[in-house]
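Examination of the molecular architecture
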Amino acid sequence: YAQFLSGIQDHASAGEYYELAADILRNNPAEQAKFALESYLGGLNYSIAAKYEASNRMLNQALSVYAQMLPDRLDKYVDASVALCRNYGFTKEYGKALEILTKAEKLPPTGEILRSRGSILYRQKQYAEAAANYQQAADIYKILPGSDVKYQDALSSLNRCHTMMGNETAARQTEQDAER
């Protein structure tokens, strides 16, 4: 039913149903992967509905389970970290966002974590640090098959940083790299 509600874009109600499903699974050790997934999906739906407190609670639940399942669930851990970071960005709680990303950075580097960190640093007007993160993300995406859109996005963000720093030469070079 939660999927149906999400499909008709009643994200607040979908979040509630995913939360109910997670609560049913919470204390069953054999169902922790499902508990984490329901928590993650609930968190996403609450976030879309701008119910950030509920979303953060659900995403933190998912993160705590995925952290116990590393390295097997690295992709899920990263997804939940990025979603939580995005929420903190929406509510301008940049310190909390960077805290989440710092934990995630102790794992093998991913473009998603680096792009999220760059986004938070950009919002804080720390353009040089943001540019370094976007460049690292672009370097990862450049060699990953099927990551063309993410590569272009990282370069676009890098270009914005160079422009904000007044470095037009670097901005033009980034544009040329994006065209290749």
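Residues numbered from 1 in each chain as written. Predicted model: local features only at pLDDT ≥ 70, side-chain atom pairs only at ≥ 80, totals over all residues. Heavy atoms only, no water.

1. Here we look at the pattern of salt bridges
Definition in use: Each reported salt bridge corresponds to a side-chain nitrogen of Lys or Arg within 4 Å of a carboxyl oxygen of Asp or Glu. Only protein chains enter the accessibility calculation, which uses a 1.4 Å probe; a residue whose area is less than 20% of its type maximum is buried, one above 50% is exposed, and one in between is partly exposed. By the criteria applied, helices consist of DSSP H or I runs no shorter than four residues and strands consist of E runs no shorter than two, each listed in order from the N terminus.
Scanning the entire structure with this criterion turns up 6 salt bridges. Note that Lys96 is salt-bridged to Glu93, the shortest N-O span being 3.1 Å. Relative accessible area serves as the criterion here: at 41%, Lys96 is assigned to the partly exposed category. Taking the relative accessible area as the measure of exposure, Glu93 reaches 26% and is therefore partly exposed. Notably, a salt bridge pairs Asp153 with Arg115, separated by 3.0 Å at the nearest N-O pair. Of this pair, Asp153 sits in helix α9 (residues 148-164) while Arg115 sits in helix α7 (residues 111-123), and the two are 38 residues apart along the sequence.

2. Observations regarding the environment of Thr110
Formally: Polar contact is the term for a pair of N or O atoms within 3.5 Å; when the atoms are in protein, one must be able to donate a hydrogen and the other to accept it, and sequence-neighboring residues count only if both atoms are side-chain atoms.
On the secondary structure map, Thr110 appears in the loop between α6 (94-104) and α7. Separated by 81 residues in the primary sequence, Thr110 and Pro29 have C-alpha atoms spaced 29 Å apart. Here Ile113 takes part through its backbone nitrogen, which lies 3.2 Å from a polar atom of the side chain of Thr110.

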